[in-house]
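Breakdown of the fold
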Amino acid sequence: MSDNSLLQAMYQSVGINPHTLWAQPDVARIEIHANQVLGVHLVHGLEVDARQLDDGIEARILVTKGTRIAKPIQVCFGMIPDNGVQRIILEIVVEDDARAGVVAHCTFPNARNIRHEMDARLTIGRNAEYAYIERHVHGAEGGVVVIPRSKVRVLEGGRYHTDFELIRGRVGQIDIDIELVGEAHSTSEVAARVSGSGDDRINIREVAHLAGAYARGVLQTSVALRHRAEAMVHNTLRASAPYARGHVDCKEIVQDQAVAKAVPVVEVTHPKAHVTHEAAIGSVDSRQLETLMSRGLSEDEAVDLIIQGLLLKGRSGSQPAGVSYQADVLSVTSS
Amino acid sequence: MTILELKNVTLCLDGKRILNDLSIEFWQGHIHALIGPNGAGKSTTANVIMGLSGYTDFEGDVLYQGRSIKGLTIDQRARLGITLAWQEPARFEGLSVYSFIKAAARNSGDAKVREVLRQVGLDPEKYLSRSVDRTLSGGERKRIELASILAMQPKLVLLDEPDSGIDVEALERIFDALKLLKQQGTTVIMITHSLAVLRHAEHAFLLCCGRLVSKGAVDKIANYFQQRCIPCDHQELKLREAEGLNVG
Ligand SMILES: Nc1ncnc2c1ncn2[C@@H]1O[C@H](COP(=O)(O)OP(=O)(O)OP(=O)(O)O)[C@@H](O)[C@H]1O
Ligand SMILES: [Mg+2]
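About the thresholds
Every chain is numbered on its own, with residues counted from 1 as its sequence reads. Going through the entries in the order they are written, you letter the chains from A and number the ligands from 1. At least 70 in pLDDT is required for a residue's local features to be given in this predicted model, at least 80 for side-chain atom pairs to be given and counted, and no such filter applies to totals for whole chains, interfaces and linings, which use all residues. By convention in this description, side-chain values take in all heavy atoms of the structure and omit both hydrogens and water. Strands here mean DSSP runs of E at least two residues long; helices mean DSSP runs of H or I at least four residues long; both are numbered from the N terminus. As defined in this context, the radius of gyration uses C-alpha atoms, and a globule is described by 2.2 Å times the residue total to the power 0.38. Whether a residue is buried, partly exposed or exposed follows from its accessible area with a 1.4 Å probe, protein chains only, as a fraction of its type maximum: under 20%, in between, or over 50%, in that order. Contacts are assigned to residue pairs with any non-hydrogen atoms lying within 4.5 Å of each other. Neither His nor the chain ends contribute to the count of charged residues, in which Lys and Arg are positive and Asp and Glu negative. To locate a charge, take atom NZ for lysine, CZ for arginine, CG for aspartate or CD for glutamate. A pair of strands is labelled paired if DSSP reports no fewer than 2 bridges between them. Metal-coordinating donors are taken as N, O and S atoms lying within 2.8 Å of the metal, or within 3.2 Å when the metal is Na, K or Ca; because water is left out, some sites can appear incomplete. Put simply, buried area is how much 1.4 Å-probe accessible surface two parts lose in total, over both of them, once they are put together. When a carboxyl oxygen of Asp or Glu is within 4 Å of a side-chain nitrogen of Lys or Arg, the pair counts as a salt bridge. For cavity detection a 1 Å grid was placed over the protein atoms alone, and a set of points counts as a cavity when a 1.4 Å probe fits there but cannot get out; an open set counts as a pocket when protein lies on both sides within 12 Å along at least five of seven lines, with lining residues being those that have an atom within 4 Å of a point. Grid points are joined across faces, edges and corners, and a volume is the space filled by probe spheres set on the points. Any residue that is not Ala, Val, Leu, Ile, Met, Phe, Trp, Tyr, Cys, Pro, Asp, Glu, Lys or Arg is counted as polar, Gly included; the first ten are nonpolar and the last four charged. When two rings of Phe, Tyr or Trp (its six-membered ring) have centres within 6.5 Å they constitute a pair, described as stacked for plane angles under 30 degrees, edge-to-face for angles over 60, and tilted for the intermediate range. Here a patch means residues that are over 30% exposed by relative accessible area and free of salt bridges, tied together within 9 Å if like-charged and within 5 Å if nonpolar (Val, Leu, Ile, Met, Phe, Trp, Tyr). A 1.4 Å probe and the Shrake-Rupley method give the accessible areas. Residues count as covered only by the protein chains that appear here.

1. Concerning the overall build of chain B
- Helix and strand counts for chain B come out as 10 helices and 10 strands.
- Here the C-alpha radius of gyration of chain B, 18 Å, is about what a compact globule of 248 residues would show, namely 18 Å.
- Among the 248 residues that make up chain B, the fraction classed as buried is 54%.
- The contacts in chain B between residues at least 6 apart in sequence include a share of 67% that link residues at least 24 apart.
- Side-chain charges in chain B split into 31 positive and 30 negative, and the spacing between the mean points of these groups amounts to 3 Å.

Okay, structure coming up:
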């Protein structure tokens, strides 16, 4: 397959018309297939330095001091073949007072035996803003092991938002691991929304440390499981500074023989810090189900709609300034 | 013409007789009111007709257009044209008002979704993308419930206290909606404690302790309800029931 047809196939699988995207000079792009950078389009204030590895890419992405990138940067990565390894090592630095949003389309549409690893190190500068949304598209068979690991440092007054979403196709196996430190007056939001079926395995580990005064943090996880899928969610929020405020929220809907476990840990080591948590695991709410069925939906249709709502939650909620789904992303993705 | 008939329905929950040999006929295209004190069994009657879980095991029968619907699931009943607007509607995290109403408006387009919102007095621009979750006020949620019913264009609708939690101005929209349903030929069974709402009905049924105590023209029943139900004449009945005596 030529580079161009690989790219077309990747975009197509995530429902994007690449020509619409390529026609917009103010939208930055980074396109990676397996271990090849197929395309980079930069805008003012964005620097990308990438090199090829045997089994992936190592890249450094810099948003220079004070730059405000208006439209979310579109990152497309993945693999079209049904097997292989893709390892991505990323260093992302958003310098002081800069602002950027990234929408990463991560696609393995034909996966049978694919391993995708991502090791990211992020530094969000003073009063900088960074929002990252990763949307996965997998094949119907699962067949992907996805291991995204990130270590994030949000400096004073910085704002960080990350959102991982896999709601179409099968998971296969996924191990999300995020460690985050928020300094004074920083805001961090970490959301993951995953739907699993078949014998999918989902592990989510999120650890946030609110280390500075007035730091804020929210860890939000929504998981829907069917068949024999299993999920384990370990979310830990630590607050060690005055007026640090945090919340851990985990919702899991289980059906059939699926198994869900959640271990929210909150740890407060300063008397003026405050952290709350909420974990709910259960089947679909019967009143919700009956309401939709009384409008003529079959039980399966009603369950789908309820789960879709649960997984799409958070989207409509606290949207940081860096990325606006409605306005920017959708205008890019509509084909 | 009778569209729905309860025949000698007796329902026990937790060993308590909640509906007691209840027989009622509802007429096609008419607006009926079901009234009675708290705990009379009004919502229970609606739940039995809709076939909600926990309300399907009872003596007697429910006939819709002459056929028993006792064995049908909720969605099967809905596809026959029966629906229910809950007294306290469920909240859905993450589900938009648009998706919620659209789910009921299967065969209509987006224009219908906007139209029904306007009919209940809510501005589509403000509400379509909001979630049907806890951030809606009680009254807003009730109006969205009604909008979804209008979108469905049912043959028979059970409205469980459509007016509770609704402000005076919005109440007018509820009355408009009743008129609209009537025009469409929908049979309405509404449960209410409000005389203002009751006046929009053509027939009234007074329930107490799971029994039909009186039925007929709205004025007659309203008078009876005001004069004899407060205090309740049937306390005696309740006491005997509580003692486990057979009141059947
Ligand atoms: N699942 C249940 N188990 C036991 N008792 C129940 C159950 N559901 C309802 N009841 C009882 O049945 C009686 C009738 O309840 P119902 O909700 O039908 O009353 P209602 O007429 O709608 O009253 P209201 O005007 O307060 O809405 C009440 O005494 C209630 O406590
Ligand atoms: Mg009631």
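Next comes the rest of the write-up.
2. Description of the pairing of strand 8 (residues 113–124) of chain A
Residue and element names in this part refer to chain A.
- Sheet topology places strand 6 (residues 83–94) next to strand 8; 12 bridges connect them, and they run parallel. Considered in strand 8, the bridge of Val-94 is made with Ile-124.
- Pairing of strand 8 with strand 10 (residues 144–154) involves 11 bridges; the strand directions are parallel. The partner of Arg-115 across the bridge, within strand 10, is Val-145.

3. Let's talk about the coordination of the magnesium ion (ligand 2)
Residues and elements named next belong to chain B.
- With distances of 2.0 to 2.3 Å, the protein atoms coordinating the magnesium ion (ligand 2) are Ser-43 (OG) and Gln-87 (OE1). Of this pair, Ser-43 sits in helix 1 (residues 42–50) while Gln-87 sits in the loop between strand 6 (82–85) and helix 3 (97–104), and the two are 44 residues apart along the sequence.
- By relative accessible area, which is 27% here, Gln-87 ends up partly exposed.

4. What about the interface of chain B and chain A?
- Contacts between the two partners involve 30 residues from chain B, matched on the other side by 20 residues from chain A.
- Between chain B and chain A, roughly 2000 Å² of surface is buried when both sides are summed, and carbon and sulfur atoms account for 54% of that area.
- Put simply, chain B and chain A have three salt bridges between them.
- Measuring nitrogen to oxygen at the nearest pair gives 2.6 Å for the salt bridge that ties Glu301(A) to Arg106(B).

5. Here's the deal with the sheet that holds strand 2 (residues 16–27) of chain B
Residues and elements named next belong to chain B.
- On the basis of which strands lie adjacent, the open sheet formed by four strands has the order 2-1-4-5 and antiparallel pairing. Edge positions in the open sheet fall to strand 2 and strand 5 (67–68), since each of these has one partner strand only.
- Taken together, the eight bridges between strand 1 (residues 2–13) and strand 2 define a ladder with antiparallel strand orientation. The residue bridging Leu-13 from the neighbouring strand is Lys-16, located in strand 2.

6. Observations regarding the layout of surface pockets
- The space that makes up the second largest pocket amounts to roughly 370 Å³.
- If you trace the second largest pocket, you find 20 residues lining it, with Lys251(A), Asp285(A), Gln288(A), Leu310(A) and Glu93(B) closest to the centre.
- Within the residue set of the lining of the second largest pocket, elements represented by two or more residues are strand 17 (245–254), strand 19 (274–282) and helix 4 (299–312) of chain A.
- Among the elements that make up the lining of the second largest pocket, the one with the highest residue count is strand 19 of chain A (four residues).
- Grouping the amino acids of the lining of the second largest pocket by side-chain chemistry returns eight nonpolar, four polar and eight charged.

7. So, the packing of aromatic side chains
All names here are of chain A.
- Within this structure, the stated rule accounts for six aromatic pairs over all chains.
- Aromatic pair Tyr-214 and Tyr-243: ring centres 4.9 Å apart, planes at 15°, arrangement stacked. Taken together, the residues span a long stretch of sequence, with Tyr-214 in the loop between strand 14 (201–210) and strand 15 (216–225) and Tyr-243 in the loop between strand 16 (230–239) and strand 17 at a distance of 29 residues.
- Assessed through its relative accessible area of 30%, Tyr-243 is described here as partly exposed.
- An aromatic cluster of at least three residues, connected via ring pairs, comprises Tyr-130, Tyr-132 and Tyr-160.

8. Considering a nonpolar patch on the surface
Residue and element names in this part refer to chain A.
- There is a patch of nonpolar side chains on the surface, built from Val-37, Val-40 and Leu-42 and spanning about 210 Å² of accessible area.
- Position of Val-37 among the secondary structure elements: in strand 2 (residues 36–41).
- For Val-37, a relative accessible area of 35% translates into the label partly exposed.

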